[in-house]
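# Architecture at a glance
Below, each chain spelled out in residue letters.
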Amino acid sequence: MRITNQMMVNNVIQYIDDIKNKINTTQEQIASTKKFQTPSDDPTTSSMCLQLKSSLSISEGYQNTANIISDWMSTTDFSLEQLSEIATKAYNIVLRGLNDTVDADERKSSLATELNEMIKKAVDIGNSSFQGNYIFAGVRVDQPAFIMSDENTITYNGISKEMVRSIGQNSKVTMNIDGNETIKPLIQALIEARNYLANNDTSNLPGSLDNLKTALEMLTASRTENGTRMRQIENSISNMEKSDIAIRSILSKKEDTSIAEAYSLLASQESTYQAVLEIGSRTLSALNLFDYLN
Amino acid sequence: MPTLSAGINIALQAILSQSQSIEITEHNVANVDTKGYHRQKASLVARVSNPSASYDLGYNAGQMGAGVSVDRIQRFSLDFFDGRYRSVSADTKSWEYQSEILSQIESTFSDLTDDGLSPKLDQFWLSWQNLASDPTNTTMRTEVMNDAGFLCEKLNRNAQQLIVLRQDQNLTLENRVDEINSLAKSVASLNAEISRVIGVNQQPNDLLDKRDMALDRLAELAGAVSSTQANGEVIVSIGGHVLVTGHDSLSIKTEPDPDPANSGVDRIVWEKDSSEFNTNGGELEGILKVRDEYIPHQLAILNNMAKNLVTEVNKIHSQGYCLDGSKGGDFFDPDGVTALEIRLSDSLEPSKIAAAGAPAVVGEVEVGNSENAELMVALRHQKIAGLKDQTFNEYCNGMMSELATTVKQAKDNSTQHTIVLQALSEQRESVSGVVLDEEAANLAKSQKAYQAAARVMNAYDELLDLVINQMGLVGR
């Protein structure tokens, strides 16, 4: 093949172009920390990365939900714990009220008053809220769960309905404890007991004692249920976190530049570039026959 | 019979022929870097004596040669190779332009960044998921609206960019059409000159260079093919339609496409009868393919996605209940069912987002109910019939994959064709290009021959001097 002067020049330019393109690609990979800059650089991996990112986003949503619910349930648990304490205390007070050594005046002024305070406290706790939402009001979270219109009437103001939330594609959890079912019996039992004590009606007091006991059992059962749900949530959060870590590591393997690899590649490309330039300059400045003829 | 004057003539012819050789070498050297130049060479032939007019007939051994002359100026070219070269170059340019415009789409879509359609879609679902966990939260409600707005904007932007990209090609088309017209004219006038030069039995080498370059460029632009006739003229045609024949050329023009689907987009027609201009490769084919096939296809996919998004989301949203207990209205404006026009309903505001499901007792307001928001979140995983039984994310991902694969294919094809074209181009260059060393050798050769001829002439001069001045001195 005849090698013409233009061919030599074109080839030198071509070689320089090629190696510069390679260096540019490697530099982009290092600077952007990504193996590819556009989907067309690697369509299959790009598509996979989008899917992985979607999975992360789905998981982020479920984790947000799970965290919110978890806080809500902690508040619920704390409230139920306090209510249980009240129920236990009230039980003891009524027991004391049954004691023959206690007279009518003490029943009314001391024990009934104490119970009265407890009623107020129990209603307050029943109306406790988490981030502005009344936790025992069912789905009517914007209004207090209990209203005491007078000292003898307690009304449940919520709408008893389970608030079901997704914490996974196929995993749902009920986040609320029904105040009507769990807390109202306690308050009613407290009101009843207070009234019997105030009226020195010891014959009906044992019935109150039973009611308080039932209310306490109810509270305990709800607390247990809430606790079970909390554990479910915690497990689910920790599982999601684990799978997130796995997904992130796959994603990183797929799309992130291995810096060490890229740098050594760059170094070898740079030395190739040097060589190409060296050879190019020799080719272009090479003497030709004209230099030797006289 | 040998004569002194014939001898001088031989020497003179030799001097003239060699100096023409030297000039042609100079021409080659001068054009060592000229694009499209084919090296030339003086083709020297031995002159044959004319026996009837010569005196040597019957006297001595014959025939004696009559020196040297330049028969013709040879042009080194691979004519049969040009057709193949041009067809490959037409394909190369077509892929090159396709990959260029497709890459533009890819970079404006920026699918791999957070600004991509898929992340926007993810964000949309995520904000619904967040709302589902806390339906009374105004911030979450506002976020659903914001993220839905961003999703609409992204769809609008992608569609807008595709439409603008289509219209942007008008200017390129116009440039290419002008270039084709002027090249066609110049080929026609070169045809005229070339056939005239060939008619007087000379070689129009540099004119041929010019015409070959024009033909190369015409092939690059639109895949023009040519065939050479006996008189040296070429007939050029594009897509089966004659562009240049003899000394005449036809012209093409751009005009607004009458098809309403292509408003704002120009098409190319033959000026004479307004018939459609078909390319057979080349830059124009690349541009038109992407503009008229790929972009509308991509736009249709985007529109389908927007349409289904509006339908499906509205369907669920209208079944739900707002924060004030009223029934949910439209989420997206039901009139905006294309990617360009998709937008939130005007009546939508944070409190009007229907997150709640139907209340247990009619008329009661269940603000903590997020059943409908949960349904919306579930829509994310639902296979939609209108999206070829894919979820929104799968459809979106498929769209990106398809674009990426198309771009990659165009890029790969462009690279491969370029490699083939380079090889062909090297073969062409190898025959027709100038090698300075070779020219130096030729120059030296011609120079020596010239010097020798001059010496011969000198010898004859001395002979004549002997005959005229030295002979016949007896008796003087």
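Below: a short report on this structure. Being a predicted model, the structure only gives us computed values, none of them experimental. (Residues numbered from 1 in each chain as written. Chains lettered and ligands numbered in written order. Predicted model: local features only at pLDDT ≥ 70, side-chain atom pairs only at ≥ 80, totals over all residues. Heavy atoms only, no water.)

## Focus on the overall build of chain B
- Check the secondary structure of chain B and you find nine helices and eight strands.
- Here the C-alpha atoms of chain B give a radius of gyration of 39 Å, more than 25% beyond the 23 Å that 2.2 N^0.38 yields for 476 residues.
- Its C-alpha atoms give chain B principal-axis dimensions of roughly 160 × 45 × 30 Å.
- Taking the intrachain contacts of chain B between residues at least 6 apart in sequence as the baseline, contacts between residues at least 24 apart amount to 71%.
- Accessible surface for chain B amounts to roughly 22200 Å². Of this, 53% is attributable to carbon and sulfur atoms.
- Here chain B carries 40 positive and 66 negative side-chain charges, and the mean point of each set is 6 Å from the other. (Helix = DSSP H or I, 4+ residues; strand = E, 2+ residues; numbered from the N terminus. Rg over C-alpha atoms; globule rule 2.2 N^0.38 Å. Contact = heavy atoms within 4.5 Å. Areas by Shrake-Rupley, 256 points an atom, 1.4 Å probe, with all protein chains shown as cover. Lys, Arg positive; Asp, Glu negative; His and termini not counted. Charge placed at Lys NZ, Arg CZ, Asp CG, Glu CD.)

## What to know about the interface of chain A and chain B
- Tallying the contact residues gives 48 residues for chain A and 62 residues for chain B.
- Buried surface at the junction of chain A and chain B, both sides included, amounts to about 4500 Å², of which 52% is carbon and sulfur.
- In this structure, the connection of chain A to chain B is made through four salt bridges.
- Ranked by residue count, the leading element in the side of chain A that touches chain B is helix 2 (residues 43-98) of chain A, at 15 residues.
- Partitioning the side of chain A that touches chain B into residue classes produces 18 nonpolar, 21 polar and nine charged. (Buried area = accessible area lost by both parts, 1.4 Å probe. Salt bridge = Lys/Arg side-chain N within 4 Å of Asp/Glu carboxyl O. Nonpolar A, V, L, I, M, F, W, Y, C, P; charged D, E, K, R; others polar.)

## Digging into the side chain of N314 of chain B
- Note that N314 of chain B resides in helix 6 (residues 282-319).
- For N314 of chain B, the contacting residues outside a window of four places in its chain are L309, D330, F331, F332 and P334 of chain B.

## Describing the nonpolar core
- Core analysis: the biggest nonpolar cluster contains 136 residues, and W128, I180, F331 and F332 of chain B have the highest contact counts within it.
- Broken down by element, the residue count for this core peaks at 17 residues, all from helix 4 (residues 138-199) of chain B.
- Not counting the four nearest positions on each side in its chain, F331 of chain B is found in contact with F124, W128, V144, A148, V313, N314, H317, L344, S345 and L348 of chain B.
- Of all hydrophobic cores here, the second largest spans seven residues; its members include L52, L56, I247 and L251 of chain A. (Core = buried A, V, L, I, M, F, W, Y, C linked by side-chain atoms within 4.5 Å. Buried < 20%, exposed > 50% of the residue type's maximum accessible area, 1.4 Å probe, protein only.)

## Notes on the packing of aromatic side chains
Residue and element names in this part refer to chain B.
- The final tally for this structure, using the stated rule, is ten aromatic pairs over all chains.
- Among the aromatic residues, ring-to-ring pairing joins F124, W125, W128, F331, F332 and F392 into one connected group.
- Taking the ring centre of W95 as reference, the NZ or CZ of K289 above it sits at 5.8 Å.
- Between R428 and the ring centre of Y85, over which it is positioned, the NZ or CZ distance is 3.9 Å. (Phe/Tyr/Trp six-rings, centres within 6.5 Å; stacked < 30°, edge-to-face > 60°. Lys NZ or Arg CZ within 6 Å of the ring centre and 35° of its normal.)

## Some words on the environment of I250 of chain A
Residues and elements named next belong to chain A.
- Along the chain, I250 falls in helix 6 (residues 205-255).
- Residue I250 is classed as partly exposed on the basis of its relative accessible area, which comes to 39%.
- Along the primary structure I250 and L52 are separated by 198 residues, whereas in three dimensions their C-alpha atoms are 8.4 Å apart.

## Some words on the pattern of salt bridges
- Scanning all chains against the criterion turns up 38 salt bridges over all chains.
- Where E278 of chain A meets R282 of chain A, a salt bridge forms, and the shortest distance between an N and an O atom there is 3.4 Å. On the criterion of helical spacing, the pair formed by E278 of chain A and R282 of chain A is a turn pair, its members being four residues apart in helix 7 (residues 259-285).
- Notably, a salt bridge pairs D115 of chain B with R157 of chain B, separated by 3.2 Å at the nearest N-O pair.

## A closer look at the pairing of strand 3 (residues 146-150) of chain A
All names here are of chain A.
- Bridging between strand 3 and strand 4 (residues 153-156) involves four bridges; their strand directions are antiparallel. Within strand 4, the residue paired with F146 across the bridge is Y156.
- The antiparallel pairing of strand 3 with strand 4 creates a hairpin that spans two residues between the two strands. (Pairing = 2+ DSSP bridges.)

## A few points about the packing of helix 2 (residues 79-109) of chain B against helix 6 of chain B
All names here are of chain B.
- Running from N to C, helix 2 and helix 6 cross one another at 35 degrees; their axes reach a closest spacing of 7 Å. Taken as a pair, helix 2 and helix 6 cross one another with a handedness that is right-handed. Listed contacts from helix 6 to A90, D91, K93, S94, Y97, Q98, I101, L102, I105 and F109 of helix 2 are G282, E283, E285, G286, I287, K289, V290, Y294, I295, Q298 and L302.
- Partitioning the contact of helix 2 with helix 6 into residue classes produces eleven nonpolar, five polar and five charged. (Axes fitted to C-alpha atoms, helices over the stretch in contact; angles between N-to-C directions. Left-handed = near helix turned anticlockwise from the far one by under 90°.)

## A closer look at a nonpolar patch on the surface
- A surface patch of nonpolar side chains, about 400 Å² in accessible area, is lined by L287, L289, Y292 and L293 of chain A.
- Assignment of secondary structure puts L287 of chain A in the segment after helix 7. (Patch = residues over 30% accessible without salt bridge, like charges linked within 9 Å, V, L, I, M, F, W, Y side chains within 5 Å.)

## Some remarks on unusual backbone geometry
- Although it is not a glycine, T33 of chain A sits at a positive phi angle of roughly 60 degrees.
- On the secondary structure map, T33 of chain A appears in the loop between helix 1 (5-32) and helix 2.
- Of the residues examined, T33 of chain A reaches a relative accessible area of 39% and is grouped as partly exposed.
- At S110 of chain B, a position not held by glycine, the phi torsion is positive, near 40 degrees.
- With respect to the helices and strands, the residue S110 of chain B is situated in the loop between helix 2 and helix 3 (117-133).
- Judged by its relative accessible area of 18%, S110 of chain B is buried.

## Thoughts on helix 5 (residues 205-222) of chain B
All names here are of chain B.
- Helix length check: helix 5, at 18 residues, gives a terminal C-alpha distance of 26 Å against a target of 26 Å (1.5 Å per residue), a fit within 8%.
- Counting buried positions along helix 5 yields 13 of 18 residues, so the element is predominantly enclosed.
- Remark: G223 follows helix 5 within two positions and exhibits a positive phi of approximately 70 degrees. (Expected span 1.5 Å × (residues − 1).)

## Describing the side chain of D82 of chain B
Residues and elements named next belong to chain B.
- Inspection of the secondary structure puts D82 in helix 2.
- Looking at D82, the relative accessible area reads 7%, which means it is buried.
- Among all residues touching D82, those that are not within four sequence positions of it are D212 and R428.

## Some details on the pairing of strand 8 (residues 266-270) of chain B
Residues and elements named next belong to chain B.
- Most of strand 8 sits out of view: four of its five residues are buried.
- Pairing geometry for strand 7 (residues 252-256) and strand 8, over five bridges, is antiparallel. Following the sheet pairing, K253 is matched in strand 8 by V269.

## Observations concerning the sheet that holds strand 3 (residues 225-228) of chain B
All names here are of chain B.
- Pairing is antiparallel across the open sheet formed by four strands, whose spatial order is 3-4-5-6. At either margin of the open sheet sits one strand with a lone partner, and together these are strand 3 and strand 6 (248-249).
- The sheet contact formed by strand 4 (residues 234-238) and strand 5 (residues 241-245) spans three bridges and is antiparallel. What sits directly across from V236, in strand 5, is V244.
- Sheet contacts for helix 5: strand 3, strand 4 and strand 5; angle to strand 4, the most-contacted strand, approximately 15 degrees.

## Regarding the layout of surface pockets
- Each pocket or cavity is described by its volume, and for the largest pocket that value is around 1200 Å³.
- As for the largest pocket, its lining consists of 38 residues, and the residues nearest its centre are Q6 and N10 of chain A together with K35, Y85 and S425 of chain B.
- Every element with two or more residues in the lining of the largest pocket is listed here: helix 1 of chain A together with helix 2, helix 5 and helix 8 (392-432) of chain B.
- Among the elements that take part in the lining of the largest pocket, helix 8 of chain B stands out by supplying nine residues, more than any other.
- If you add up the space inside the second largest pocket, you get close to 790 Å³.
- As for the second largest pocket, its lining consists of 25 residues, and the residues nearest its centre are N21, K22 and T25 of chain A together with K411 and T415 of chain B.
- Breaking the lining of the second largest pocket down by element, the ones donating at least two residues are helix 1 of chain A together with helix 2 and helix 8 of chain B. (1 Å grid on protein atoms, 1.4 Å probe; cavity = no way out; pocket = protein on both sides within 12 Å on 5 of 7 lines; lining within 4 Å. Points joined across faces, edges and corners; volume = space filled by probe spheres on them.)

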